[in-house]
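# Fold and contact review
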Amino acid sequence: MSDCNHDCGSCGVSCDERQENPGIQKAPMNDLSDVRKVIGIVSGKGGVGKSSVTSMLAVAARKQGKNVAVLDADITGPSIPKAFGIKERAQGNDQMILPAVTETGIKAMSINLLLENDTDPVVWRGPILGGVVEQFWSDVTWGDVDVMFVDMPPGTGDVALTVYQSLPVDGIIIVTSPQELVSMIVEKAVKMADLMEIPVLGIVENMSYYKCPDCGKEHKIFGDSHIEDIAATHGVKHVVKLPLDSEVAKACDMGQIESFACEEIEKLAEQL
Ligand SMILES: Nc1ncnc2c1ncn2[C@@H]1O[C@H](COP(=O)(O)OP(=O)(O)OP(=O)(O)O)[C@@H](O)[C@H]1O
């Protein structure tokens, strides 16, 4: 056949090589990178602790001896460098961008490692944000990585769609808090993953309860949890409940997430 542009979507010819649903091409990985597993950390809405959980999962997987990377796809609200206390800018040249490396050896890339000041806002439209995420995947020299955690932007918008379509995501972890409204938003995230045919590996209910340090009683500050029901409805195997804990906030805010240990997250990381 002459003049084939390999875009079956714009061509009606019924040739031997025709693909009815050619789909969106995955972004290529460069020759100096070998990332063997990609796990997206998603949340229905902002502020529920998605970046903290991403960081804790990365720390736990690293402790288990894996080569770990974190791709901060939350371009307009990047929190990963702060949680790990990374202060220096990313290095690179015309050919490649090198990720930052944390104290325990986790590789990380975030828009904040490229901005002149980490308080500079990112005021870009959706397609440009998605393009940055693709570049983080394709142009960063990740090297040998057993598992990469992708800190997704909150919600089911443009950039989340780009990550699902362009990166070879093996599964996602949904982070939520226990309010009723959030349950509905979680279902949206689950359904989006279903649409993309990406398995939901687990749900983390963050700030699930507060344990009184004096009497040990657990208080459900945001109300009763419905997370087990939601997980059962959607066939999600792993459910983790994390307390509201000032030590988590302190570790993230001080850039010391690598010295914070969380048994529940360590157990989850083992299953991934
Ligand atoms: N279990 C917890 N207990 C106490 N504070 C927490 C807990 N989890 C997260 N935090 C704190 O809540 C704040 C928001 O957390 P984080 O940045 O991880 O949320 P996020 O969902 O990624 O938000 P965004 O969508 O804005 O990126 C941070 O200051 C963090 O330290």
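Reading guide: rules and limits
- The numbers attached to residues start from 1 for each chain and follow its sequence in the written order.
- Reporting in this predicted model follows two pLDDT cut-offs: at least 70 for local features of residues, and 80 or more for side-chain atom pairs to be given and counted; totals over whole chains, interfaces and linings ignore these cut-offs and use all residues.
- UniProt positions are given in the numbering used here, feature names are shortened, and annotations may be inferred rather than shown by experiment.
- In this description a helix means any DSSP run of H or I spanning at least four residues, a strand means any run of E spanning at least two, and both kinds are numbered starting from the N terminus.
- Labels follow a simple rule on C-beta atoms placed from the backbone: if 20 or more others lie within 10 Å of a residue's own, it is buried; if 12 or fewer, it is exposed; otherwise it is partly exposed.
- Two residues form a contact once the distance between their C-beta atoms, set from the backbone, is within 7 Å.
- Here, the arc refers to the directions that run from the helix axis to the C-beta atoms.
- By convention in this section, buried Ala, Val, Leu, Ile, Met, Phe, Trp, Tyr and Cys residues joined through C-beta atoms within 7 Å make up a nonpolar core.
- In this analysis, strands are considered paired if DSSP registers two or more bridges between them.
- Helix axes use the C-alpha atoms of the stretch in contact, all axes being lines fitted to C-alpha atoms, and the angles between their N-to-C directions lie in the range 0 to 180 degrees.
- Throughout this description, a residue near a molecule or strand is one whose C-beta atom, derived from the backbone, lies within 6 Å of it.
- Amino acid classes used here: Ala, Val, Leu, Ile, Met, Phe, Trp, Tyr, Cys and Pro are nonpolar; Asp, Glu, Lys and Arg are charged; the rest, including Gly, are polar.
- An expected span of 1.5 Å times one less than the residue number is assigned to each helix.

According to UniProt, the feature "binding site: ATP" (unreviewed entry) maps to Gly44, Lys45, Gly46, Gly47, Val48, Gly49, Lys50 and Ser51 in the numbering used here. Relative to the elements of secondary structure, glycine 44 occurs in the loop between β2 (38-43) and α1 (50-63). Here valine 48 shows up in the loop between β2 and α1. Judged by C-beta crowding, with 24 C-beta atoms within 10 Å, valine 48 ranks as buried. The residues touching valine 48, leaving out its near neighbours within four places in the chain, are Ser43, Val175, Thr176, Ser177 and Asn206.

Now for unusual backbone geometry. Look at glutamate 197: it is not a glycine, yet its phi comes out positive at around 60°. Among the structural elements, glutamate 197 can be located in the loop between α5 (180-195) and β11 (200-205). The class for glutamate 197 is exposed, based on 7 C-beta atoms found within 10 Å.

So, on to helix α7 (residues 246-253). Note that an α-helix has 3.6 residues per turn; residues three or four places apart therefore point the same way. Three or more residues of α7 are buried, namely Val248, Ala251 and Cys252. Buried residues of α7, seen end-on, are gathered within an arc of 95° and therefore sit on one face of the element. Of the exposed residues in α7, the ones pointing more than 90 degrees away from its buried face are Ser246, Glu247, Ala249, Lys250 and Asp253.

Take the nonpolar core next. Counting 72 residues, the largest nonpolar core has Leu57, Ala69, Val150, Val163 and Ile174 as the members making the most contacts within it. The element that contributes the greatest number of residues to this core is α1, accounting for seven residues. Excluding its chain neighbours within four sequence positions, the residues that come into contact with valine 150 are Val38, Ile39, Gly40, Ile41, Leu71, Ala73, Val163 and Leu167.

So, on to the sheet that holds strand β10 (residues 171-176). Here we have eight strands laid out as an open sheet, ordered β6-β7-β3-β9-β2-β10-β11-β14, and mixed in their pairing. At either end of the open sheet lies a strand with only one pairing partner, and these are β6 (100-101) and β14 (238-241). As defined by bridge partners, β11 adjoins β14 across four bridges and the pair is classed as parallel. Residue glycine 202 lies in a different strand from β14, and its bridge partner there is histidine 238. Here α1 sits on the sheet in contact with β2, β3 (68-72), β9 (147-151), β10 and β11, set at roughly 170° to β9.

A few words on the site of the ligand. Looking at the ligand, there are 21 residues lining it, with Gly46, Gly49, Ser51, Ser52 and Cys252 nearest. Sorting the residues of the shell around the ligand by element identifies α1 and α7 as the ones contributing at least two each. For the shell around the ligand, the class distribution of residues is eight nonpolar, nine polar and four charged.

Here we come to the environment of glutamate 263. Mapped onto the elements, glutamate 263 comes out in helix α8 (residues 263-271). Glutamate 263 sits in the exposed class, given 8 other C-beta atoms within 10 Å. The sequence separation of glutamate 263 and leucine 242 amounts to 21 residues, and the corresponding C-alpha distance is 9.9 Å.

This brings us to α1. With 14 residues, α1 ought to run about 20 Å at 1.5 Å a step, and its terminal C-alpha atoms sit 20 Å apart, in line with that. For α1, the tally of buried residues reaches 13 of 14 residues, placing the bulk of the element in the interior. Following α1 by one or two positions, glycine 65 has its phi on the positive side, about 90°.

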